[in-house]
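Residue-level listing of the chains:
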Amino acid sequence: MDVKTADFRQRARAALAQPTLQRSLQGMRRAMPALRSAALAALPDHAALRDRARESRDHALAHLGHYLVAFESRVRAAGGEVHWARTGAEAGAIVAGLCERAGARRVIKSKSMVTEEIGLNATLAARGLQVTETDLGEYIIQLRGESPSHILAPALHVSLAEVGAAFERHHRRSRTAPLTEAGAMLVEAREELRAVFRAADVGITGANFLVAETGAAVLVTNEGNADLVASLPATHIVVTGIEKVVATLDDLGVLLRLLARSAIGEPLSSYTTLVHGPRRATEAAGPAAFHVVLVDDGRSALLGTPRQEILRCIRCSACLNHCPVYTAVGGHAYGSVYSGPMGAVLAPAIDGLATTAQLPAASTLCGRCEAVCPVAIPLPRLLRDWRGEALRAGFTTPAWRRSLRLWQWLAAHPVLYRFVLGLAAGGLRLVSVPARRGERRIRRLPLVARGWFAVRDLPAPEGGSFQARWRARQP
Amino acid sequence: MSGAREAILARIGRDTPPAPSANVPVESAPADWAQRAQRFAACATAASATVATADSPQAAAAGIADYLERQGLPPRVHVSAATPALDGLVTETRLQLATGGLPDDGATVVTGCLAALAGEGVVVLATGPGHAAESVFLSATHIVVVSPGQLLDSLDALWGLVRTLPAPLPRMVNLILGPSRTADLGVPSRLGAHGPLRVHVVLVAPVEGA
Ligand code: SF4
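Conventions we followed
Residues numbered from 1 in each chain as written. Chains lettered and ligands numbered in written order. Predicted model: local features only at pLDDT ≥ 70, side-chain atom pairs only at ≥ 80, totals over all residues. Heavy atoms only, no water. Core = buried A, V, L, I, M, F, W, Y, C linked by side-chain atoms within 4.5 Å. Buried < 20%, exposed > 50% of the residue type's maximum accessible area, 1.4 Å probe, protein only. Helix = DSSP H or I, 4+ residues; strand = E, 2+ residues; numbered from the N terminus. Domains from an automatic or database assignment. Contact = heavy atoms within 4.5 Å. Axes fitted to C-alpha atoms, helices over the stretch in contact; angles between N-to-C directions. Parallel < 35°, antiparallel > 145°, perpendicular 65-115°, else oblique. Left-handed = near helix turned anticlockwise from the far one by under 90°. Nonpolar A, V, L, I, M, F, W, Y, C, P; charged D, E, K, R; others polar. Expected span 1.5 Å × (residues − 1). Arc of directions from axis to C-beta. Near = heavy atom within 4 Å. Buried area = accessible area lost by both parts, 1.4 Å probe. Salt bridge = Lys/Arg side-chain N within 4 Å of Asp/Glu carboxyl O. Polar contact = N/O pair within 3.5 Å; in protein donor to acceptor, adjacent residues only side chain to side chain. Pairing = 2+ DSSP bridges. Phe/Tyr/Trp six-rings, centres within 6.5 Å; stacked < 30°, edge-to-face > 60°.

Draft legend 1. Representation of the nonpolar core. If you look at the biggest cluster of nonpolar residues, it comprises 181 residues, and the most contacted ones within it are L124, F167, V239, L252 and V293 of chain A. Element by element, the count of residues in this core is highest for helix α12 (residues 249-264) of chain A, at eight residues. Formed jointly, this core draws a minimum of three residues from each of two domains, domain 1 (1-42 + 319-396) and domain 2 (43-295) of chain A. Counting 19 residues, the second largest nonpolar core, distinct from the first, contains A54, L95, V110 and I143 of chain B.

Draft legend 2. The arrangement of the environment of A118 of chain B in detail. Residues and elements named next belong to chain B. Mapped onto the elements, A118 comes out in the loop between β5 (115-117) and β6 (122-126). Separated by 79 residues in sequence, A118 and R39 place their C-alpha atoms 5.6 Å apart. The residues contacting A118, other than those within four sequence positions of it, are R36, R39, F40, C43, L151, L152 and D153.

Draft legend 3. Region of the structure containing the packing of helix α3 (residues 46-62) of chain A against α12 of chain A. All names here are of chain A. The N-to-C vectors of α3 and α12 enclose an angle of 130°; their axes lie 9 Å apart at closest approach. As summarised for this structure, α3 and α12 are arranged oblique, according to the angle between their axes. α3 and α12 meet at a crossing whose hand is left-handed. Taken together, the residues of α12 that come into contact with α3 (itself represented by H46, L49, R50, R52, A53, S56 and R57) are D250, D251, V254, L255, R257 and L258. For the contact of α3 with α12, the residue count by class is five nonpolar, two polar and six charged.

Draft legend 4. Structural detail: helix α3 (residues 57-71) of chain B. All names here are of chain B. With 15 residues, α3 should cover 21 Å at 1.5 Å per step; its first-to-last C-alpha distance of 21 Å lies within 8% of that length. Residues of α3 that are buried include every one of A60, A61, I64, A65, Y67 and L68, and no others. All buried residues of α3 lie within an arc of 160° about the axis, which places them on one face of the element. Along α3, the residues that are exposed and aim more than 90 degrees away from the buried face are E69 and R70. Where α3 terminates, the next one or two residues include G72, which has phi positive at roughly 70°.

Draft legend 5. Main features of the site of the ligand. In the vicinity of the ligand there are 13 residues, among which C313, C316, S317, C319 and C373 of chain A approach most closely. A per-class count over the shell around the ligand returns eleven nonpolar, one polar and one charged.

Draft legend 6. Quick look at the interface of chain A and chain B. Counting residues at the interface gives 85 residues for chain A and 67 residues for chain B. Contact between chain A and chain B buries roughly 6,300 Å² in total, counting both sides, with carbon and sulfur atoms accounting for 59%. Of all residues in chain A, the largest losses of buried area upon contact with chain B belong to W84, R190 and R257 of chain A, amounting jointly to 11% of the total for that side. Our count for the chain A to chain B interface comes out at eight salt bridges. Close ionic contact of D105 of chain B with R194 of chain A constitutes a salt bridge, the shortest N to O distance being 2.7 Å. Counting every contact that joins chain A to chain B gives 38 residue pairs in polar contact (both at pLDDT 80 or more). The element that contributes the greatest number of residues to the side of chain A that touches chain B is helix α10 (residues 182-199) of chain A, accounting for nine residues. Residues of the side of chain A that touches chain B, tallied by class, amount to 41 nonpolar, 23 polar and 21 charged. Judged from the five bridges that link them, strand β9 (residues 271-275) of chain A and strand β9 (residues 172-176) of chain B form a sheet pairing that is antiparallel. Counted as the bridge partner of Y271 of chain A is I176 of chain B from β9 of chain B.

Draft legend 7. Region of the structure containing the packing of aromatic side chains. Residue and element names in this part refer to chain A. Scanning the entire structure with this criterion turns up six aromatic pairs over all chains. Geometrically, the ring pair formed by F8 and Y334 is edge-to-face, given 5.5 Å between the ring centres and 70° between the ring planes. Of this pair, F8 sits in helix α1 (residues 8-16) while Y334 is found in the loop between α14 (326-329) and α15 (340-351), placing the two residues 326 residues apart along the sequence. Assessed through its relative accessible area of 9%, F8 is described here as buried. For Y334, a relative accessible area of 1% translates into the label buried.

Draft legend 8. Up close: unusual backbone geometry. The peptide bond linking A167 of chain B to P168 of chain B adopts the cis configuration, its omega dihedral lying at -10°. Mapped onto the fold, P168 of chain B is located in the loop between α5 (155-164) and β9. You will see that L447 of chain A, though not glycine, has its phi angle at about 75°, which is positive. Relative to the assigned elements, L447 of chain A resides in the loop between β12 (440-442) and α22 (450-455).

Draft legend 9. Representation of the pattern of salt bridges in the model. Residue and element names in this part refer to chain A. The tally for this structure, following the rule as stated, stands at 37 salt bridges over all chains. In this structure, R11 engages D7 in a salt bridge whose closest nitrogen and oxygen atoms are separated by 2.7 Å. Overall, D7 belongs to the partly exposed group, its relative accessible area being 30%. With its nearest N and O atoms 2.9 Å apart, the salt bridge here joins D457 to R441. One end of the pair, D457, is in the loop between α22 and β13 (458-459); the other, R441, is in strand β12, with 16 residues separating them in the sequence. Since its relative accessible area comes to 23%, D457 is described here as partly exposed.

Draft legend 10. The sheet that holds strand β5 (residues 209-211) of chain A, seen in detail. Overall, mixed pairing links the eight strands, which are arranged β8(A)-β5(A)-β6(A)-β9(A)-β9(B)-β6(B)-β5(B)-β8(B) in an open sheet. Strands with a single pairing partner mark the edges of an open sheet, and in this sheet they are β8 (245-246) of chain A together with β8 (151-152) of chain B. Two strands pair when backbone bridges link them, and β5 of chain A and strand β6 (residues 216-221) of chain A are joined in this way by three bridges, in the antiparallel orientation. Bridged to V211 of chain A within β6 of chain A is A216 of chain A.

Draft legend 11. Summary view of the domain arrangement of chain A. Each assigned domain of chain A is listed with its residue range as follows: domain 1 (1-42 + 319-396), domain 2 (43-295) and domain 3 (399-473). Each of domain 1 of chain A and domain 3 of chain A has a C-alpha centre, and the two are 27 Å apart.

Draft legend 12. Representation of the sheet that holds strand β4 (residues 202-205) of chain A in the model. Residue and element names in this part refer to chain A. Strand order in the open sheet made by the six strands is β1-β10-β7-β4-β2-β3, with parallel pairing throughout. Of all the strands in the sheet, the pair left with one neighbour each is β1 (81-85) and β3 (130-133). Strand after strand, the sheet turns through a mean of 20° between neighbouring axes, direction not considered. Relative to strand β10 (residues 289-295), strand β7 (residues 235-241) runs parallel, the two sharing seven bridges. Bridge assignment links T235 to a residue of β10, and that residue is A289. Along the sheet, helix α4 (residues 64-77) makes contact with β1 and β10, crossing β1 at roughly 145°.

Draft legend 13. Seen up close, α15 of chain A. All names here are of chain A. Relative to the 16 Å expected for twelve residues at 1.5 Å per residue, α15 spans 16 Å between its end C-alpha atoms, a close match to the ideal helical length. Within α15, eleven of the twelve residues are buried, which leaves it mostly tucked inside the rest of the structure. Burial in α15 covers these residues: G340, P341, M342, G343, A344, V345, L346, A347, P348, A349 and I350. Just downstream of α15, G352 is the residue with a positive phi angle, here 90°.

What follows is the structure, encoded as structure tokens:
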């Protein structure tokens, strides 16, 4: 797919000037951390559950082939088919072929990041299929011709007025007044999509998890759209990543207990559905055909490397919601389907480092992402790992490489290093001003970092340097 | 593209793993029905469902008729996933029952369930000859009647129950916590995005001394 992450800086700057996006992000910064921590504090033993969640993901990844084959055999026994795709293009071709086999014209979808990743809608549209997203957020951005700006709340950047305008443009109805109220928009979307649901030939969903023990594809939503997508059309196709499999229902339970709490601060989402194959002979309703497409697309290359840890990710979005960079610039700035800390680690693996090298660099490495991750992924370490590789592969700017070389040279000359650092610390103290409680803070610097100082300040260096203090402590 | 399967499996390996961890940090819920019902009600109402108790299936049916009157909803109900807990419906003269086919948009559906989970406030339905999942998801109001023995502790107890179901497993096992909602039109979340706008759960109490 067409990924333009190279101009991250430019898009980040544009995002900072978008009032709707900034309001949504500010709401997220204020609300999400408290919601999440309250929901997790209600658990009897959050730390133990997190350890267990990590363990269950590591176990499944360590024996991925075994569990995928077990899952496949259960799906087959239930009358479904499993397809394997090495690349996004291969997956797109498989899904298009299945639609053709079903004689389909109309396709409905529930939100799936993997189908975004492989650009499935474009593939199907190119074959003349009419594809409609049914998750309300996805539906809104589909009408606007945009990509998701958050992995769970894809229309985070769209204002209510813009939603109203999109509906007025696309829904053919006679109106007496403009559409301005959220309740009316919801009713209208529900009515419009009901007709689409009933007319669809194929339903495509992702899967939050696959359970090897029972062959279940697990769908988690709050709207209930995935359940209709998986029930009404004659064919249901699940498109998901090979890493989504877990061994047992117990593992699923552990991860479900953490997923919605980490994501939205709720104990569970409204709907958690285990799908086991097509309609049975005794049933009057439900899809007659059931397919699962397992997509690799760069994932297997991470196995057995230190980067394997990102495959534990359950897409809860906690790392986005707590990231000072994501919550300042939003998802579109990343230019990749996946954004925030998990996106900055995953995008280079899927799209290659050449176009994504700026993403791992777009982090302060403050560590909040790792602290809130329900499966304890060491995101800062993985970001540093990609940075190193980007530098070695020459995907960084010449100015950046020059400054790193200068730093390296300086660090190798201790006397000079101490002198320069002392000079810098002295300079910073000189431009600092008195603040509260006898502290000194730096409010601006001549010529540099104007953007930074427009919204925040810096503490002035106090006392001696670390090295000086260390020497003083030696006996 | 059968080559893809072999190619992927060759990359990721297929060794037989040791048994997965059985260590599950179980959340224990009270064994006593009344306390469990209380826990269930607290969790379900926190997710915008409403919860009532009834002493018998007949009382449950009368309670449903009262509920529809209070909500100003028509007395016509679509019945699906019938269990003995729904036995009172046929004798409740204030209700008009419809079975078979799918409910219209805006309809009320009354269902039994496979289980209800006290620790989560969740009701669990399974598809089968007597129940299509869409009869719940297309309706505007979903009323669930839970038999006394169906009120389980938590998710862990549900997995235990699923393991005892005869093969093949139900096509769909639906865990439902409160009404359908969306946060895509801003905060606070709005109810009734695609699925039901109202979820009302009636817990039938065990017979005294039974
Ligand atoms: S990396 Fe962790 S916190 Fe981020 S989305 Fe994945 S599971 Fe959630």
